[in-house]
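Analysis of the macromolecular model
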Amino acid sequence: MSHPRSVSAGLAALLLSCAFPLGLHGGAPEPADYLSWPAPTRTERPWTRWWWLGSAVDRPNLERLLSEYHDAGIGGVEICPIYGAKGYEKRFIDYLSPEWMDMLADTTGTAGRLDMGVDLTTGTGWPMGGPWMPADQASESVSLERYPTGADGRIPEFLGTGAPSGEALAAGAAASAAGKAGAMDGFVGTAGEHRKLLCLRAVGPDGAQIDLTERVRAGRLDWSAPGPGWSLYSLTARQPVQRVKRAAPGGAGNVVDPYSVRALHTYLSRFDLAFQGYAGAMPRAFFQDSFEYFGANWTPDLFSEFARRRGYDLREHLPALAGEGDPDIAGRVREDYRRTIGELHQEYVAAWTSWSHLHGSLTREQAHGAPANIEDVYATADIPETEGSFGGGAEDQVPMLKFASSAAHVTGRTLASSETFTWLGEHFQVSLPQLKSAADTFFLCGINHMFFHGIPYSPQDAPWPGWLFYASVNFGPNGGLWHDLPAFNAYAARCQSILQAGKPDNDVLLYFPVADFWQQIRLPSGGPPVPMPGGRAADPLVEQFTTPGKWMLGSPFHGTAMELWHRGFSFDEVTDALLLASRAGPGDANEPGGKPGISLGGNLYRAVVIPPCRYMPLETLRHLLDLARSGATIVFVGDVPSDVPGLANLEARRAELRGLLGGIRLEARDLGRGTAGAHSASADPPDSVAIRSARLGDGLILAGSGFSPPSPGRVSVLLGSAGITRERMADDGLLCVRRLRGDGYDYFIVNTGNRLIEKWVALARPASSAALLDPLLPDRGGIAATRPGREGISVFLQMAPGQSRILRTFNGAAPSGPAWRYLSPSREPALALGGDWVVHFVEGGPVMPGDFTASALGSWALRDDPEAARFAGTAVYRLKFILQAGANGIRPWRLDLGKVADSARVRLNGTDVATLWCEPFCVEVGSFLRPGENRLEVEVTNVAANRIRDLDRRHVDWKSFYEINFVGRNYRPFDASGWPLRDSGLLGPVVLTPMDSTPTGGMP
């Protein structure tokens, strides 16, 4: 075998070449006033995907809708043309036609005047493809079949056509089993596809091979085996595999081969032609959705590219590619195949990014789902974008979500975006309170550029609920969230104004051992599976790293990431290629001892953490040891890697690995309970944790033992022994993300627990003073209570479950300003606000219910009024109450609305107080109260569930869209007729509580 060309260094150079495009590096300007919020920029506001149904857009509606979006606090749109609405066919505009380009120019022009941005999907629907794509450059699928010889040594089967791709069939079957019959559409039928025999090999019982590819005529082979025990292995490709999914008029056609730069340029040539006569502003960025090139696992150049990159001929190893023979060899061939496919796709994305730059635009890329090392693919675009929050999301998605933000951080980019709230809940049922925890999770994972999923373009003359996209959540004017969405948008903009400023401040680079996921194989004929990360037994030819990341559950990588997350260690994930760009750098002057760190992407990390893994490329191990020699800290959570991935020159590479590891003299160390490092790293350290350590040059190498996931706490103890501090607030459920400013740090903190936190919290970063801001309320900020401690400064925090705060620390004195108000309920009794509530419906439909008066609060949907039961909109609750003399605005009071369905605007005595859109529905109102009579108004808005329920109960035909039409979360036809009535309105109880200052000095 020839020695394979080293491509890791080439990929690292490719990633670095895209690291600082078009001014995306560096932080945003810092506000001069640290106690107030800066005016939000278009990039700091949330953006939205904007579905152009049928591209049936016109100038008046474009200007009207963009103005409405701007006024609601949306910073930009991403145009995605898709299928149309029935009955409006005369309005359809063919994609990239002169008329379509005029509409794009009108959109970018109007958006520019409104200080909004515009991104554009590079195509219609998804993935990339169109009518101009020839079949020989379309996505391609390969089938690998084994044919045993008969007793007479002949093969009776018909050869050369192959079976449909097993992966494609498996994907479709899995979708069908999950009830998602429409999720996997777009496959080309047998009548429209071309099948080609790529390779036919005869393999004897002793491993001897004969190439029979050229001996197949008309699908039949004229050959007999020279003896018993021979088998034939055929590799058959079919092309095209898929047509564009959810295509808009003028966009239907073959999907592009995602592993071919040549095919990509053919596809993009149609855009070049369209933009030649284009007079408008270019999109800020072009966008590519997640990898949904279903069934695509081959490309015409794969044999030659494989040989060039891996150093041997794949055709000589078809049994191993099929998973047969020695499982170790089979795994290595499969790893080489997957690595090659991944590199080709990354180069495809890099070519798309270069093309976009030539047009003066950036790229936003969703790499997830790709059969590639997805963080490398994220990093190849200008703005990496993740997605998640399906059904509210789950904490175990965190390592998956962090791939995108990590790609931005380690390449020096400012923005990491998210497709947010995709299928968060069923259509018309998602409420504003459900948004906060999902949004906060994205922020905690380093995302700072939110995109709604999404808003369908709907003309003014379309009857309610207007034009719709098949997946929730609809954030548009007809979706049920619009009335109070500006309050959420303002919250998100405030958070993102902090999260886009400065630089990320993470201590740990967590290595992603992709070879352990790629180098896996399942024995044929029902044999026991070879152990693989996550305990999975499935074995597709390509390994797709899909969201929400269930493929990594149970793996050492996932377990290590979640321990870092739960224990308060800040981290970014890093791949082999990205790690090669790191260098040992000088330590942080603010840190005790100023220990050397690892410089990557303009950021300084304190350690590289290697989760338990078996395989590691030689280049990676060499670089880690070089980092250590220059003073860096390298932490192996388990044992050191024991093998190299891939097949070529295996024994020589194994020998070099042993030589490299032989230069590390790991010796056992014992960390007792009293050890400072262990204590600072673990809230409850074990009595004694045996680890191993070695000095290498000026650096430190730490290691655990064993390949299996280590016992809980091992990572914490290892990092603690290296003097790496954590944010111990995580022990109380306070999770945070840090940003570095020139004169301090900014923390975004969320109480993810279920109890009120009132305590002094020690910070992992040094500071002299601090300030707090509430991103829910624009006027609530102040200087925080701080005190020095043995291990650094502590800040007093007071946070209810679900609440978030911005904490800004300063290296010197705090800026001048008021003190943060820490309040606790007084011993004096609270005032339950009762009496006659007067309720008046002010906005919504289909028909305004009658006004009513109620002495007890309850759901308006349950009233004896059929219009109230189907109403979606807003009602104002009014109440007069008496406050005893002597109680005035000087005394703090807290108003608690109790249960609200679903959001509320509060006014007191004619003055707007706040919009309350998430729990707890509380606000301080002391300055708005007066002795004697007070007038409270609560404007409550419900979601549109009851109204859509009514349409389906009356069999109104409102679902009239092409292709998938309209489905629920289970991908079955949507029907709300069986929904129970949803509570609506102010449910209470409404309570006014006197508050006193919290004696922070006496708190623990």
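Model, not experiment: these values are computed from the prediction. Throughout this document, residue positions are counted from 1 along each chain, in the order its sequence is written. Residue-level local features of this predicted model are given only where pLDDT is at least 70; pairs of side-chain atoms are given and counted only at 80 or more, and the full residue set underlies all totals for whole chains, interfaces and linings. Note that the side-chain values use all heavy atoms of the structure and ignore hydrogens as well as water.

So, on to the sheet that holds strand S39 (residues 852-854). Spatially, S39-S38-S40-S46-S43-S44 is the arrangement adopted by the six strands of the open sheet, whose pairing is antiparallel. The strands lining the two open edges of the sheet, one partner per strand, are S39 and strand S44 (911-916). The average angle at which neighbouring strand axes cross in this sheet is 25 degrees, direction not considered. When strand S38 (residues 837-845) meets strand S40 (residues 872-883), the two strands line up antiparallel, connected through seven bridges. Opposite Phe841, over in S40, you have Ala875 as the bridge partner. Should DSSP find at least two bridges between two strands, the strands are regarded as paired. In DSSP terms, a helix is any run of H or I states spanning at least four residues, a strand is any run of E spanning at least two, and both are numbered starting from the N terminus. Angular values range over 0 to 180 degrees, each being the angle between N-to-C directions of two axes fitted as lines to C-alpha atoms, with helices fitted over their stretch in contact.

Whether a set of points on the 1 Å grid over the protein atoms alone is a cavity depends on a 1.4 Å probe fitting there but being unable to get out, while an open set qualifies as a pocket with protein on both sides within 12 Å along at least five of seven lines; lining residues are those with an atom within 4 Å of a point. Grid points are joined across faces, edges and corners, and a volume is the space filled by probe spheres set on the points. Inspection of every chain in the model, using the stated rule, returns nine cavities of 30 Å³ or more. Volume-wise, the largest cavity comes out at about 220 Å³. Lining the largest cavity are 18 residues, with Trp565, Phe569, Ser570, Cys736 and Val737 sitting closest to its centre. Put simply, the parts of the chain that give the lining of the largest cavity at least two residues each are helix H10 (398-410), helix H14 (556-567) and strand S28 (734-741). With five residues, S28 is the largest single contributor of residues to the lining of the largest cavity. Grouping the constituent residues of the lining of the largest cavity by class yields 10 nonpolar, five polar and three charged. We call Asp, Glu, Lys and Arg charged. Ala, Val, Leu, Ile, Met, Phe, Trp, Tyr, Cys and Pro are nonpolar, and the rest, Gly among them, are polar.

With that out of the way, let us pick up unusual backbone geometry. Of note, the bond from Glu919 into Pro920 is cis; its omega dihedral lies within 30 degrees of zero at -5 degrees. Within the secondary structure, Pro920 sits in the loop between S44 and strand S45 (922-924). Geometrically, the link from Gly988 to Pro989 is a cis peptide bond, its omega value of -5 degrees lying close to zero. Residue placement: Pro989 occurs in the loop between strand S47 (985-988) and strand S48 (991-997). One non-glycine residue, Leu96, lies in the positive phi region at around 65 degrees. Non-glycine residue Tyr971 carries a positive phi angle of around 65 degrees. Structurally, the position occupied by Tyr971 is in the loop between helix H21 (945-953) and S47.

Another aspect to go through is the packing of helix H5 (residues 261-276) against helix H8 (residues 327-358). For the pair H5 and H8, the least separation of the axes is 10 Å and the interaxial angle reads 25 degrees. Taken together, the axes of H5 and H8 are roughly parallel relative to one another. Both H5 and H8 take part in a crossing whose hand is right-handed. Two secondary-structure elements touch here, H5 through Val261, Leu264, His265, Leu268, Phe271 and Asp272 and H8 through Glu347, Tyr348, Ala351, Trp352 and Trp355. A class-by-class count of the residues in the contact of H5 with H8 yields eight nonpolar, one polar and two charged. Here roughly perpendicular refers to angles of 65 to 115 degrees, roughly parallel to angles under 35, roughly antiparallel to angles over 145, and oblique to all remaining angles. Should the near helix be turned counterclockwise from the far one by less than a right angle, the crossing is left-handed, whereas a clockwise turn marks it as right-handed. Residues count as neighbours in contact if any of their non-hydrogen atoms are within 4.5 Å of one another.

Approximately 1,000 Å³ is the volume found for the second largest pocket. Taken together, 44 residues make up the lining of the second largest pocket; nearest its centre are Leu777, Arg780, Arg894, Val923 and Glu924. Elements supplying a minimum of two residues to the lining of the second largest pocket: strand S34 (792-799), strand S36 (823-825), strand S41 (893-896), S44, S45 and S48. Top contributing element to the lining of the second largest pocket by residue count: S44, with four residues. The residue makeup of the lining of the second largest pocket, split by class, is 24 nonpolar, nine polar and 11 charged.

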